[in-house]
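Overview (structure and organization)
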Amino acid sequence: MSPVKASRIAGFGHYVPERRVENAEIENQLGLESGWIERRTGIRARRWVVEGELLTDLAAKAGSLALNNAKIDPGDIALTILATSTPDHLLPPSAPLLAHHLGLANSGAIDLAGACSGFIYALTLADGFVRTQGRPVLVVAANILSRRINPAERASAVLFADAAGAVVLLPTDNREKGLLGADLASDGSRYDLISIPAGGSKQPFGPGMAAEECLMTMRNGREMFAQAVQMMTRCAERALASAGLLAADVSRFVPHQANARIVDVVGENIGIEPERIVRTIAEYGNSSAATIPLSLSLARPFVSGEKLLLTAAGAGLTGGAVVWGI
């Protein structure tokens, strides 16, 4: 099989839980004054799952919509990539169950743990698979962060949400579509800025373990803010350079919805006017890797020839950016 020239996004989908949690509920729990959360994060509400909803449920609903939007036979999908930080279980991975739920009988399936930048990494890897194999790929990013929030920790309790977004990639010979430029980055010297201490092989679950050790903690919110701005900006600039494009060539900027102020600063740093920035954080909060595909799905329709700039940074630190041709 000869490699194809490019991949294209043929289908979009997203799903958010029905339960809408407004800021007042969290502000009352934390003893914060009314309006505190929106002033500092840009978030007015977020979606949280109800008891019984699973990560693979959210992912399957978004994936099904993307498959329908692409008008593709599920049997044609050759690979399923699930970007998540909150799988249903530590073992086995959740992607095979997702593929089973969607009837993807001929698909490989793998989880990708890239934190908030997981969708960027998954999209980059999926594009490579489509180019070399000439076969369709389903990329889903989904998280249930409401079950990992420490309700007593202000830094994380006010931000995080649950959601899923998905895209279907198909092969194309049009070099103006798909991945035009990319840059991936990491900084392990700041490995513990955001973490869930227990659950891995370093600190397995065990008797007498404090509940807080199994929940998310943000060690230094100001430092995380600064590092996210820096990494997202640099990756975006490098991705544009690798694509041979300028900020003025970008039709829409779709950043990770980490915090409204981060989005504003990164956009200003790159030279993207506010009207070209896709924003979903006010209503949907920060669902980590799911925010970019959620935003893409909500921002439809796209016009052929548009150039999208996507960028993200998160725990690890991991980050990246891609320039994508529609």
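Please read all numbers here as calculations on a predicted model, not as lab measurements.

Cut-offs and rules
- Going along each chain's sequence as written, the residues are numbered from 1 onward.
- It should be noted that, the model being predicted, local features are given only for residues of pLDDT at least 70 and side-chain atom pairs only at 80 or more, the latter also being counted only at that level, while totals for whole chains, interfaces and linings use all residues.
- Neither water nor hydrogens contribute to the side-chain values; these are computed over all heavy atoms in the structure.
- Where helices and strands are cited, they refer to DSSP runs of H or I of at least four residues and of E of at least two residues respectively, numbered from the N terminus.
- For a helix, the expected span equals 1.5 Å multiplied by the residue count minus one.
- Partly exposed describes any residue whose relative accessible area lies between the buried limit of under 20% and the exposed limit of over 50%, with all areas from a 1.4 Å probe on protein chains only and scaled to the type maximum.
- Residues are treated as being in contact if the distance between any of their heavy atoms lies within 4.5 Å.
- Pairing between two strands requires that DSSP report at least two bridges joining them.
- Any N or O atom pair separated by 3.5 Å or less is treated as a polar contact, with the protein-specific requirement of one donor-capable and one acceptor-capable atom, and with residues adjacent in sequence counted only for side-chain atom pairs.
- Under this scheme, a helix contributes an axis fitted over its contacting stretch, all axes are lines through C-alpha atoms, and angles between N-to-C directions fall in the 0 to 180 degree range.

**So, helix 3 (residues 55–70)**
Given a rise of 1.5 Å per residue, 16 residues ought to cover 22 Å, and the 23 Å separating the end C-alpha atoms of helix 3 matches this to within 8%. Within helix 3 the residues assigned to the buried category are Leu-55, Thr-56, Leu-58, Ala-59, Ala-60, Ala-62, Gly-63, Ala-66, Leu-67 and Ala-70. The inward-facing, buried residues of helix 3 contact strand 1 (6–15), strand 4 (79–83), helix 4 (95–101), strand 6 (137–144) and strand 7 (162–172). At the exit of helix 3 stands Lys-71, carrying a positive phi of roughly 55°.

**Let's talk about the pairing of strand 6**
Summarising burial for strand 6: 8 of the 8 residues are buried, a large majority. Both faces of strand 6 are covered, namely the face carrying Val-137, Val-139, Ala-141 and Asn-143 and the face carrying Leu-138, Val-140, Ala-142 and Ile-144. Taken together, the 5 bridges between strand 4 and strand 6 define a ladder with parallel strand orientation. Opposite Leu-82, over in strand 6, you have Val-140 as the bridge partner. For strand 6 and strand 7, the ladder comprises 8 bridges, and the chain directions are antiparallel.

**A few points about helix 7 (residues 221–243)**
Taking 1.5 Å as the rise per residue, helix 7 with 23 residues should run 33 Å; its terminal C-alpha atoms sit 33 Å apart, in good agreement. Every buried residue of helix 7 is accounted for by Met-224, Gln-227, Ala-228, Val-229, Met-231, Met-232, Thr-233, Cys-235, Ala-236, Ala-239 and Leu-240. At the N-terminal boundary of helix 7, the capping side chain belongs to Asn-220, with an oxygen 3.2 Å from the backbone nitrogen of Arg-222. A positive backbone phi angle near 70° is found at Gly-244, which sits one or two residues after helix 7.

**A short note on the side chain of Thr-124**
By the element assignment, Thr-124 lies in helix 5 (residues 118–133). Classification of Thr-124 by relative accessible area gives buried; the value is 18%. Aside from chain neighbours lying at most four places away, what touches Thr-124 is Leu-179, Leu-184 and Val-322.

**Some remarks on the sheet that holds strand 11 (residues 252–255)**
Reading across the sheet, the 4 strands line up as 8-13-12-11 and stay open at both edges, with mixed pairing between neighbours. A single partner strand is all that each edge strand has here, and the edge strands are strand 8 (178–186) and strand 11. Here the average twist between neighbouring strands, direction ignored, is 10°. Looking at chain direction, strand 12 (residues 307–314) and strand 13 (residues 318–325) are connected through 8 bridges and run antiparallel. When the sheet's bridge partners are listed, Leu-309 is paired in strand 13 with Val-323.

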